[in-house]
Amino acid sequence: GVCTPSDGSGDDGTARLHGVQFLIQTQEDMTWILFSSDLIELNFDTRIRTEIVASQKFTGVLRLALIPPTNDYDGGTRKRSNKPSSTGGGLLPLSVSSGLKRLVYHAGVYPVGGSVSWDFKSSSQPTNAAGNAIK
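Bear in mind the structure is a predicted one, so any value in this text is a computation, not a measurement.

**Student:** Give me the layout of surface pockets: which residues, what numbers.
**Tutor:** In this structure, the largest pocket spans a volume of roughly 360 Å³. Residue lining of the largest pocket: 15 residues in total, with Ile24, Gln25, Phe44, Arg49 and Ile52 positioned closest to the centre. Those elements giving two or more residues to the lining of the largest pocket turn out to be strand 2 (14–25) and strand 3 (31–45). When residues in the lining of the largest pocket are grouped by element, the largest group, 6 residues, is from strand 2. Broken down by class, the residue content of the lining of the largest pocket amounts to 9 nonpolar, 4 polar and 2 charged.

**Student:** An account of a nonpolar patch on the surface is requested, with residue identities and associated values reported.
**Tutor:** A cluster of nonpolar side chains, contributed by Val116, Trp118 and Phe120, occupies part of the molecular surface with about 470 Å² of accessible area. Among the structural elements, Phe120 can be located in the segment after helix 1 (98–105). For Phe120, a relative accessible area of 69% gives the class exposed.

**Student:** Requested: an account of the nonpolar core, with residues and values cited.
**Tutor:** The biggest cluster of nonpolar side chains holds 8 residues, and these are Ile33, Phe35, Ala65, Ile67, Leu94, Leu100, Leu103 and Ala107. Taken together, the elements giving at least two residues each to this core come down to strand 3 and helix 1. Among residues more than four places away in sequence, those in contact with Ile33 are Gln21, Phe22, Leu23, Arg63, Leu64, Ala65, Ile67, Leu100, Leu103 and Val104.

Quick notes on the rules
Per chain, the residues get numbers from 1 upward, laid out in the order the sequence is written. A pLDDT threshold of at least 70 governs which residues receive local features in this predicted model, and a stricter bar of 80 or more applies before side-chain atom pairs are shown or counted, although totals over entire chains, interfaces and linings include all residues. Only hydrogens and water are removed before side-chain values are computed, so all heavy atoms of the structure are retained for them. Here a cavity means grid points, on a 1 Å grid over the protein atoms only, where a 1.4 Å probe fits yet cannot get out; a pocket means an open set of points with protein on both sides within 12 Å along at least five of seven lines; lining residues are those with an atom within 4 Å of a point. Grid points are joined across faces, edges and corners, and a volume is the space filled by probe spheres set on the points. Helix numbering and strand numbering both begin at the N terminus, where a helix is a DSSP run of H or I of at least 4 residues and a strand a DSSP run of E of at least 2. Ten residues, namely Ala, Val, Leu, Ile, Met, Phe, Trp, Tyr, Cys and Pro, are considered nonpolar, four, namely Asp, Glu, Lys and Arg, are considered charged, and the remaining ones, Gly among them, are considered polar. Patch definition: residues above 30% relative accessible area lacking any salt bridge, with like charges linked at up to 9 Å and the nonpolar side chains Val, Leu, Ile, Met, Phe, Trp and Tyr linked at up to 5 Å. Every accessible area reported is derived by Shrake-Rupley at a probe size of 1.4 Å, with residue values counting cover from the shown protein chains alone. Salt bridges are defined by distance alone: a side-chain nitrogen of Lys or Arg within 4 Å of a carboxyl oxygen of Asp or Glu. Partly exposed residues are those whose accessible area sits between 20% and 50% of the maximum for their type, while under 20% is buried and over 50% is exposed, using a 1.4 Å probe and protein chains only. Residues enter a nonpolar core if they are buried and are Ala, Val, Leu, Ile, Met, Phe, Trp, Tyr or Cys, with the set joined through side-chain atoms within 4.5 Å. Contacts are residue-level and defined by heavy atoms, with any inter-residue pair within 4.5 Å sufficient.

Shown next as structure tokens:
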């Protein structure tokens, strides 16, 4: 599985989950996946349902990605969805999402920096769209 409940989870209104990959469903029906470079325990307040907090200091890398919507069929009508679902109701489960598979496959790769450069070539003669000199 993606993550598992920890012992004592839910006794105080807090779900404790530990793992390295977590699916997060928002109230807006958007599904996100959280990748952790190392094992982490997260606490989710099941009463207010708006906050996820690490149970202790974390010094690894966290990567949060929106799962691209899947093109599903529901009753013969083409429908876009990124909401986790079972196979009931005609919706495809996230396990067949090519976007999710791509995110999981590349989970260990993340940017740590970058640079952009460009070069403008100066011309003494104006040119047309084909790049030929106009006389």
